[in-house]
Amino acid sequence: MGSRRGRQQHPGAGTGEGSQAPHPGGRGGRVHVAPFPQQAPQRGNQGQGGTAPPQQPRGRTGEDAGRGRARGGRPPQQYPSDGRGAHGDGAGPLGRLAPELRQAMEASSEPPLRASQMLAGPSEPAAQEDPPAELGQGSKQVAVRPESTSVTMSAVPSSSKAIRFPLRPGKGSVGTRCLVKANHFIAQLPDKDLHQYDVSITPEVTSRIVSRAVIKELVNLHRASYLGGRLPAYDGRKSLYTAGPLPFTSKEFQITLLDDDDGSGSQRSAFPQQRQRNFTVVIKFAARADLHRLGMFLAGRHTEAPQEALQVLDIVLRELPSTRYMPFGRSFFSPDLGSRQRLGDGLESWRGFYQSIRPTQMGLSLNIDMSATAFIEPLPVIDYIAQLLSSNIHSRPLSDADRVKIKKALRGVNVEVTHRGNMRRKYRISGLTTQSTRELTFPVDEGGTVKSVVQYFQETYGFAIQHTYLPCLQVGNQKRPNYLPMEVCKIVEGQRYSKRLNQNQIRALLDVTCQRPRDRERDIIQMVKHNAYQDDPYAKEFGINISDRLASVEARILPAPRLKYNETGREKDCLPRVGQWNMLNKKMVNGGKVRSWMCINFARNVQESLVRGFCHELALMCQNSGMDFALEPVLPPLNARPDQVERALKARYHDAMNVLGPQRRELDLLIGILPDNNGSLYGDLKRVCEIDLGIVSQCCCAKQVFKMNKQIHANLALKINVKVGGRNTVLVDALSRRIPLVTDRPTIIFGADVTHPHPGEDSSPSIAAVVASQDWPEVTRYAGLVSAQAHRQELIEDLYKVWQDPQRGTVNGGMIRELLISFKKSTGQKPQRIIFYRDGVSEGQFYQVLLFELQAIRKACASLEANYQPKVTFIVVQKRHHTRLFAHNHNDRNSVDGSGNIIPGKSYKQLTPHIAAIFSTMMLTPCSTSEGTVVDSKICHPTEFDFYLCSHAGIKGTSRPAHYHVLWDENNFTADGLQTLTNNLCYTYARCTRSVSIVPPAYYAHLAAFRARFYMDPETSDSGSATSGPGGRGPPSGSSTSRSTRTPGGAAVRPLPAMKDSMKNVMFYC
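Being a predicted model, the structure only gives us computed values, none of them experimental.

A. Examining the overall build of the protein chain more closely. A count of helical and extended segments in the protein chain gives 23 helices and 44 strands. A total of 1070 residues make up the protein chain; the buried ones form 58% of that total. When the accessible surface of the protein chain is summed, it comes to about 42,300 Å², and 48% of that surface belongs to carbon and sulfur atoms.

B. Region of the structure containing the pairing of strand 31 (residues 747-755). In terms of burial, strand 31 is largely enclosed, as nine of its nine residues are buried. What you see with strand 31 is no split at all: Thr747, Ile749, Gly751, Asp753 and Thr755 on one side and Ile748, Phe750, Ala752 and Val754 on the other are buried throughout. In terms of strand pairing, strand 31 meets strand 36 (residues 833-839) through six bridges, oriented parallel. Bridge pairing links Thr747 to Arg833 in strand 36. Relative to strand 32 (residues 766-773), strand 31 runs antiparallel, the two being bridged by six bridges. Residue pairing for strand 32: Thr755 is matched across the bridge by Ile767.

C. Here's a closer look at the packing of aromatic side chains. Scanning the entire structure with this criterion turns up 28 aromatic pairs. Seen from their ring centres, Tyr456 and Tyr461 are 6.0 Å apart, and the 85 degrees between their planes marks the pair as edge-to-face. Given a relative accessible area of 30%, Tyr461 falls into the partly exposed group. Following the ring pairs from residue to residue traces out a cluster consisting of Tyr782, Tyr989, Tyr1003, Tyr1004, Phe1068 and Tyr1069.

D. Region of interest: the sheet that holds strand 5 (residues 239-243). Reading across from one edge, 4-5-3-7-6 is the order of the five strands in this open sheet, with antiparallel pairing throughout. Every other strand in the sheet has two partners, leaving strand 4 (233-234) and strand 6 (250-258) as the edge strands with one partner each. Here strand 6 runs beside strand 7 (residues 276-289); their pairing, made up of nine bridges, is antiparallel. Across the sheet, Phe253 pairs through a bridge with Val281, a residue of strand 7.

E. Representation of the pattern of salt bridges. With the rule as written, the count across this model stands at 42 salt bridges. With a closest N to O distance of 3.6 Å, Glu319 and Arg212 form a salt bridge. Of this pair, Glu319 sits in helix 5 (residues 307-324) while Arg212 sits in helix 3 (residues 208-222), placing them 107 residues apart in sequence. Overall, the relative accessible area of 23% leaves Arg212 in the partly exposed class. The closest approach of N and O atoms between Arg358 and Glu843, which form a salt bridge, is 2.7 Å. Note that Arg358 is positioned in strand 11 (residues 347-360) and Glu843 in the loop between strand 36 and helix 19 (846-864), a separation of 485 residues in sequence. Among the residues examined, Arg358 registers a relative accessible area of 0% and is labelled buried. Of the residues examined, Glu843 reaches a relative accessible area of 0% and is grouped as buried. Through salt bridges with shared partners, a single network forms among Glu646, Lys650, Asp684, Arg687 and Asp692.

F. Structural view of the sheet that holds strand 27 (residues 638-639). Across the sheet, which stays open at both edges, the four strands sit in the order 27-25-28-29 with parallel pairing between neighbours. Whereas interior strands pair on both sides, the edge strands pair on one side only; in this sheet they are strand 27 and strand 29 (696-701). Relative to strand 29, helix 14 (residues 681-693) is tilted by about 165 degrees, and along the sheet it contacts strand 28 (669-674) and strand 29. In this fold helix 16 (residues 710-723) packs onto strand 28 and strand 29, with an angle of close to 165 degrees to the strand it touches most, strand 29.

G. Broad picture of helix 13 (residues 645-660). For helix 13, with 16 residues, the first-to-last C-alpha span of 22 Å sits near the 22 Å given by 1.5 Å per residue. Along helix 13, the residues that are buried comprise Val645, Ala648, Leu649, Arg652, Tyr653, Ala656, Met657 and Leu660. Viewed along the axis of helix 13, the buried residues span an arc of 155 degrees, placing them on a single side of the element. If you follow the buried residues of helix 13, they end up packed against strand 25 (597-601), strand 27, strand 28 and helix 14.

H. Summary view of the pairing of strand 28. Extensive coverage of strand 28 is indicated by the burial of six of its six residues. Residue alternation in strand 28 divides its side chains into two sets, Leu669, Ile671 and Ile673 and Leu670, Gly672 and Leu674, and both sets are buried. In this sheet, strand 28 lies alongside strand 25 in parallel orientation, the contact comprising five bridges. Paired with Met598 across the strands is Leu670, a residue of strand 28. Regarding the hand of the β-α-β motif, the stretch spanning strand 28, helix 14 and strand 29 is right-handed.

I. How the structure looks around the nonpolar core. If you look at the biggest cluster of nonpolar residues, it comprises 91 residues, and the most contacted ones within it are Trp597, Phe629, Tyr837, Tyr964, Tyr1004 and Tyr1069. Excluding anything up to four places from it in sequence, Tyr1069 contacts Val771, Tyr782, Ala783, Gly784, Arg991, Tyr1004, Leu1007, Ala1008 and Arg1011. Core analysis: the next-biggest nonpolar cluster, separate from the first, contains 63 residues, Leu194, Leu240, Phe297 and Tyr538 among them.

Parameters at a glance
Residues numbered from 1 in each chain as written. Predicted model: local features only at pLDDT ≥ 70, side-chain atom pairs only at ≥ 80, totals over all residues. Heavy atoms only, no water. Helix = DSSP H or I, 4+ residues; strand = E, 2+ residues; numbered from the N terminus. Buried < 20%, exposed > 50% of the residue type's maximum accessible area, 1.4 Å probe, protein only. Areas by Shrake-Rupley, 256 points an atom, 1.4 Å probe, with all protein chains shown as cover. Pairing = 2+ DSSP bridges. Phe/Tyr/Trp six-rings, centres within 6.5 Å; stacked < 30°, edge-to-face > 60°. Salt bridge = Lys/Arg side-chain N within 4 Å of Asp/Glu carboxyl O. Contact = heavy atoms within 4.5 Å. Axes fitted to C-alpha atoms, helices over the stretch in contact; angles between N-to-C directions. Expected span 1.5 Å × (residues − 1). Arc of directions from axis to C-beta. Right-handed = clockwise from strand over helix to strand, strands pointing away. Core = buried A, V, L, I, M, F, W, Y, C linked by side-chain atoms within 4.5 Å.

Written out as structure tokens, the structure is:
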């Protein structure tokens, strides 16, 4: 979830053991687990190599049988990468071919790849490793069918050029068909030659604002003459594009800018006295962008997206908004696009819009969405500080903590001086002075004469400084700092706040961005009209036409799955309605056991009698829900101070074990009652319980205790049950073995995510988490492992590792390997299929992540047993995109739910005659996005296997569908098969009785990574263990690193502390 997330790949990530230095003794706190039975000895370097094998065929028949599933070579990930945008089905700009004709013309010129080419080759026998031991007593040696797991393999390719993403295996047909609207606008492909020119500006300019000012001046001066009347589009860096050739191949221009024209927002010390700056600009022909290939790609006749052409069109459409608004990423913001809203602590929100050109099934599409972000209020610095500290700074001197907070908030902020009349020079703040203003002096001549800042401002400007007890702002560089009193400075408008927001600011920003579907759709349409693309001179120049109508998209409402509950309950199964259900008259399908538990109360305002009553009601609810739960705790509830959490937990645990130890019993559960605003308490409690004591815990806020609500107790019971090893519900189809490609053979489902530190945290590591199902065919219980890795590294480094141990020699490990072993222990069978849901990967990282992580999966499997290679399906889950789906009729209560999001609508016969005729012809029903709404046409990729799924019922705002993109598929899923499986899994989320927005294994991986951040030492995280966001360190099951992960520069990442064994196979993160 970062973004979840603004992810970056590690540019120098290695593979296998090559990326880690060996560490004596392997991972700390970890027991070396033997591989599968009958394992052949392995070399330490087995399976080495850094990339994945070529793409697999898809077992097709007819004319597709021999060509496999191909995709173009090099990574196409330069078009907008926040998620897939506009798409559609009908005729694209170059026309759409009939499916059968398109398939015939799509055949790859490359020879088809066979199954024998897909898997890593067998490892060579090694002399150094000891023979494998058994997994454990009672574990069976399961023979896996050779045709499904033992495959000969060709050499592994060395780059992404050998990778082909799977083609779409046809469109799904399951469910009720309907029409929805998507925030995509058809873009007509220009019929012009696009030319690219390299731009060189001397002296070198680092600011895009200054670069754009230089090129703008050049165009104003020379468009009609030297540029041949062309209006070029400029990317702000090194490239310039034209619709047709310029009259030259290379030319030099001399451009002069006035200081006031640069718009940089800061006074540059290099030109303190100059009124103008001179630049030499050289424009040189570089290449032509091939629009013919783009047309072929959009028509489905070419599988490689021509990134250069897409990039040119995106730059052209960004040119005019970049001059009107404040551009950040792919979004544009302005105070004129909506009212500003105060967020608190000197911040305000600006409205804006997101814009991205997308290749889709309906041709080119422009994805437009509303957005908002935080800006620093243009306040006098004195007022900003007063808001920041939430206090009257006139009444007391600043404390050391105040100074640190102010310095952190103001560093890098641009200010303008207000004491010189109309001369508003701008400066960038580099820090604060350690002395107050009245104590500051500086030399005024070489003779050593000094003058105070107060005296200087009085004599030079006639300005009497009032707040002499405050420090001065330090601007300029460290060698020659300048001092500015705070009261003469005002923050320059238009500075985006890129650091972490606090909880109150987040809530305020969400209030601004949370819009009902009707309102969001209206604002999007108004924004498109406001942008007036038909009048955009750059769009006209390049021949781009943008529709002003939302795309109509065919969707399907998938049926909800039937859920199984315990036979002892009054209701033995249920069919969810509108994505939700409840536990009334139901019992958990497998109740866990909690026979010894205790409670510690850290909330001073909760009396002991209330704590006892709350815990008793919770125990009753757990019993009534089907758990074997003791009604009385081992010890009476204990009141403890929040600032002594570790001492209280360990002392009370010791007391409990004095009671349980003689009975050879363990403590099963800790219930912690916390203050509503508990700061670091929650994270500290989880760290102590899971790292030091090895007990699962359930925390409750004081407000929950006061409510004494049955619904709260029921929700807590669901969490407790899965934490102690129970199951809340399972899919009926799983028990009856009716889930294709899952229940026919042992199948393990993985979820993986990497969470990164918040902006401004420059030293914190990123946290990778992997969870895997531990039951089959139920696929409901998930064990989780986590690992720390290099800062902002997106590739999961610890999926598979090899290192040298002084005693044991070559040791294999990693999260995939250990979770496969755990699955074998739990089910008695080896997985014959792997389904891997990978969260948080942007399009620009598809190739890198697949190459690295698929190879790690292969190596992990091969390290367990010779020729063990289960078939893998690798799916990326994306939530950070801007596609939204809307109802065709927001006023129809039969077609929208309570939040205004879509549900199956009324019959087409009840609509206006014109619309009814269209729907009747297409046999569609108008609807709004509801749980189970799936889209795999028009707005999806022209050729690849992807789909949007809105698997959850909307609660507030506009529902965001999850985007699933299949990067690898050896299991040959059909569209219906994968869409139905993914949707059904969303009903098995353990923490509530609602379907959720992303598939649970990916959700659990995010929760595990978030939890693991609490395990880090405060000095490891810039924000400390209490406030680190959704990234984290987590359950180091042997694979959760005790060896150091190394950054590209060689600096070691501090490993995670080892988690207690009792935590490794339970859903502690729920």
